[in-house]
Amino acid sequence: MWDFAGRDTAIDLGSATVRMHVRDRGVVCREPSLLARCRRTGRILALGGPAQEMAGRNPDVTLVRPIRRGAPTETDEAEYLMRHLVRKHHRRHYTARPRLVVTVPSGLSSVHYRALQFSAYQAGARRLTLVPTPIAAAIGMGMTSSARPEVAVIADIGADVTDVGVIAFGGLVTSHTAHVGGAALDRAIVAMVRREQNVSLSESAAEAAKLAVGAVPPLGRRPVRQTVVHGRDIATGMPREVVLTTVDIGRAIAGPVAEIVEAIGAGLAGCSPEISGDLLSVGVTLTGGSARLPGLERLIRDRTGLAARIGDDTGDAAVLGAGEVLRSAHSQEPSARESSPRPHILTTVPEFEY
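Keep in mind that what you see is a predicted model, and the values were worked out from it rather than measured.

Engineer: Lay out the nonpolar core with the relevant residues and their values.
Structural biologist: Within soluble globular proteins, side chains that are nonpolar tend to cluster in buried spots. Residues Leu244, Ile264, Leu279 and Leu296 are the most contacted members of the largest nonpolar core, which totals 45 residues. Among the elements that line this core, the one with the most residues is helix H8 (residues 246-269), at nine residues. Ignoring sequence-local partners within four residues, the contact set of Ile264 consists of Ala155, Val164, Val284, Leu286 and Ile300. Grouped together as the second largest cluster of nonpolar side chains are 29 residues, Ile67, Val102, Leu128 and Leu130 included.

This is the structure:
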């Protein structure tokens with residue numbers, strides 16, 4: 001009966017992308033965390049990719065980002081987003097009530113915890129487990145198995161949040177959350193082009209330029225590349241092309257990148273001397289959608305003295321790990337008398353049954 005009610009489901013509520021993992025099906029969803037709402041009626045018109053296509057093209061449509069800094073800021077919209085995805089990918093419109101695992105930043109406040117709990121149960125969850133992103137990413141990359149070192153350092157660099165966690169002896173020893181990520185890099189590019197070229201760019205155009213030619217300075221032996229972006233001339237209001245090079249992008253993002261590296265250093269600073277000695281051998285593993293910025297590993301190594309590497313499936317690592325959590329030996333169904341059980345907050349790495 002529980003399988004009929006809904007397969008175990010994991011959701012990674014990112015500020016830019018929401019990912020969903022369904023048991024025995026894998027990752028079934030990678031959608032932008034966006035809703036398109038009609039200004040006149042307030043009705044939700046689209047979500048995900050279709051909503052993103054409406055951005056700036058229909059004056060009667062406003063875009064809503066229900067997830068900010070890894071937490072619901074618009075509770076009703078976050079509930080609508082989760083409920084729609086659960087029903088769509090469980091192929092049942094009204095009966096899906098899965099056990100739900102949701103990744104959260106390690107520094108999430110109690111107010112945001114309650115907002116997320118309310119949205120998840122309203123979306124149809126019969127049991128809710130909240131997993132800090134560093135633990136979920138470590139599980140997703142297999143860094144918590146017995147064959148791996150007992151100490152692991154995860155730096156998850158998302159759109160709005162950089163979440164750093166040190167995992168030792170099966171638990172989260174220390175963590176640090178900074179409100180800086182890939183979106184800050186995009187805003188820095190927009191500000192630089194506006195200041196130097198007198199051209200207004202969209203954040204999506206800035207992101208495309210960052211992905212095409214972006215790199216962390218100094219470039220070293222990396223070739224200087226260039227890309228063309230389209231914006232609006234502020235003086236005339238006419239469309240205008242702007243050529244951006246790797247050097248231009250590097251100058252623009254230098255400030256936010258430095259904040260990301262400082263956040264990683266702050267996350268490591270809370271370790272005890274006994275654990276700090278092991279950090280030199282394990283290094284830092286980078287996950288998240290913004291972890292693949294060229295040159296970031298070298299900058300982290302220069303500033304912190306620790307080797308940095310990019311993990312496998314950086315974008316999906318957290319949702320894959322969250323999908324593994326319900327396989328633990330201690331996962332049990334909620335009592336039938338308990339219609340809305342309190343969420344379980346996972347702070348230790350569960351033991352898995354194989």
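Engineer: How would you summarise the pairing of strand S4 (residues 35-38) if you had to cite specific residues and measurements?
Structural biologist: Pairing between S4 and strand S5 (residues 44-47): three bridges, direction antiparallel. Looking across to S5, one finds that Ala36 is bridged to Ala46. A loop of five residues connects S4 with S5, the two strands running antiparallel in sequence, and Gly42 in this loop sits at a positive phi of about 80 degrees.

Engineer: Go over the sheet that holds strand S15 (residues 226-233), please, and point to the residues and values.
Structural biologist: Pairing in this open sheet of three strands is antiparallel, and the strands run S14-S15-S16 from one edge to the other. Only two strands of the sheet have a single partner each, and these edge strands are strand S14 (199-200) and strand S16 (239-245). Alignment of S15 against S16, held across seven bridges, turns out to be antiparallel. Its bridge partner lying in S16, Arg232 is registered against Pro239. Contacts from helix H6 (residues 182-197) reach S14 and S16 within the one sheet, and its direction differs from that of S16 by about 110 degrees.

Engineer: Account for unusual backbone geometry, naming residues and giving values.
Structural biologist: Phi is positive for Asp24, close to 70 degrees, though the residue is something other than glycine. Using a relative accessible area of 62% as the deciding quantity, one classes Asp24 as exposed.

Engineer: Describe the pattern of salt bridges, listing the residues and the values that go with them.
Structural biologist: Inspection of the entire model under this criterion finds 14 salt bridges. Measuring nitrogen to oxygen at the nearest pair gives 2.9 Å for the salt bridge that ties Arg240 to Asp233. The exposure class assigned to Arg240 is partly exposed, which follows from its relative accessible area of 30%. Exposure remark for Asp233: the relative accessible area of 10% places this residue in the buried category. For Asp248, the salt bridge identified is with Arg251, shortest N-O distance 3.2 Å. In this pair, Asp248 and Arg251 both sit in helix H8, three residues apart, roughly one turn of the helix.

Engineer: Which residues make up the confidence of the model for the protein chain, and what are the values?
Structural biologist: Confidence in the prediction for the protein chain averages 84 pLDDT; 87% of positions are at 70 or higher. This stretch, residues 334-340, has a pLDDT under 50; its non-local contacts, to residues over four places away or in other chains, come to six contacts.

Scoring rules and cut-offs
Residues numbered from 1 in each chain as written. Predicted model: local features only at pLDDT ≥ 70, side-chain atom pairs only at ≥ 80, totals over all residues. Heavy atoms only, no water. Core = buried A, V, L, I, M, F, W, Y, C linked by side-chain atoms within 4.5 Å. Buried < 20%, exposed > 50% of the residue type's maximum accessible area, 1.4 Å probe, protein only. Helix = DSSP H or I, 4+ residues; strand = E, 2+ residues; numbered from the N terminus. Contact = heavy atoms within 4.5 Å. Pairing = 2+ DSSP bridges. Axes fitted to C-alpha atoms, helices over the stretch in contact; angles between N-to-C directions. Salt bridge = Lys/Arg side-chain N within 4 Å of Asp/Glu carboxyl O. pLDDT = per-residue confidence, 0-100.

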